[in-house]
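Coordinate inspection notes
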Amino acid sequence: MMSCIVDLQAIDEERNIARAYAIEFGQDLLGDWVIRRHWGRIGTQGQYQELIVPSKEKGLKLISQWLKDRARAPTRIGIAYQVAANQTIDLCDLDHRIG
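Within each chain, residues carry numbers counting from 1 in the order of the written sequence. In keeping with the model being predicted, local features are shown solely for residues with a pLDDT of at least 70 and side-chain atom pairs are shown and tallied solely at 80 or more, while totals for entire chains, interfaces and linings include all residues. Excluded from the side-chain calculation are hydrogens and water; included are all heavy atoms of the structure.

Re the overall build of the protein
Scanning the protein from N- to C-terminus turns up two helices and five strands. Under the DSSP-based scheme used, a helix requires at least four consecutive residues in state H or I and a strand at least two consecutive residues in state E, with every element numbered from the N terminus. When the helices and strands of the protein are read in sequence order from the N terminus, they spell out β-β-β-β-α-α-β. Think of it in three bands: residues with accessible area under 20% of the maximum for their type are buried, residues over 50% are exposed, and the middle band is partly exposed, with areas taken using a 1.4 Å probe on protein chains only. Put simply, the protein has 99 residues, and 34% of those count as buried. A fraction of 48% describes how many contacts in the protein between residues 6 or more apart in sequence connect residues 24 or more apart. Contacts were defined at the residue level, with two residues in contact if any of their heavy atoms lie within 4.5 Å.

Digging into the nonpolar core
For our purposes a nonpolar core is just a set of buried Ala, Val, Leu, Ile, Met, Phe, Trp, Tyr and Cys residues, chained together by side-chain atoms within 4.5 Å. Counting 19 residues, the largest nonpolar core has I23, F25, I35, I63, I77 and Y81 as its most contacted members. The set of elements that each furnish at least two residues to this core consists of β1 (2–12), β2 (17–27), β3 (33–41), α1 (56–71) and α2 (73–77).

Considering the pairing of strand β4 (residues 47–53)
As paired strands, β3 and β4 are joined by seven bridges and run antiparallel to one another. Pairing of V34 across the sheet is with I52, part of β4. In textbook terms, the turn of a hairpin is the stretch between consecutive antiparallel strands, and for β3 and β4 this stretch comprises five residues, one of which, G43, has a positive phi near 95°. In this scheme, strands are said to pair when DSSP sees at least two bridges between them.

Observations regarding the environment of Q82
Structurally, Q82 is set in strand β5 (residues 82–87). Remark: the alpha-carbon pair of Q82 and Y21, spanning 61 residues in sequence, is separated by 9.9 Å. Contact partners of Q82, with chain neighbours within four places excluded, come to D7, L8 and Q9.

Overview of the side chain of D12
With respect to the secondary-structure elements, D12 resides in strand β1. Its relative accessible area of 18% is what places D12 among the buried residues. Whenever two N or O atoms come within 3.5 Å, that pair is a polar contact, provided that in protein one can donate a hydrogen and the other can accept it, and provided that, for residues adjacent in sequence, both atoms are side-chain atoms. There is a polar contact of 3.2 Å between the side chain of D12 and the backbone nitrogen of E14. The residues touching D12, leaving out its near neighbours within four places in the chain, are I17 and I79.

Quick word on the pairing of β2
Inspection of the sheet shows β2 paired to β3 by nine bridges, in the antiparallel sense. Each residue of the ladder has a partner; that of F25, found in β3, is I35. Hairpin remark: β2 followed by β3, antiparallel, with five residues in the connecting loop; positive phi at G31, about 90°.

Structural data, given as structure tokens:
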């Protein structure tokens, strides 16, 4: 069962930018730590990746790196990602890990 969802969007209608980026993190039924991430243009199937990580700490470190990449979006695509929806519990308190 996934226990954390971070949903980001970068939208600029004038420049035809509509990007989505989502990360889910938690343990599956077998107790493995799983990260699922989806990204792409809003309204399309986009890309999907699922990783099994050895520990919660390794998973949070990897997620932190990915969110730092998203924080550099204004340089890369000219617009920042905004939080569209965010459901967190204690293991997903990522705000202090960004930056």
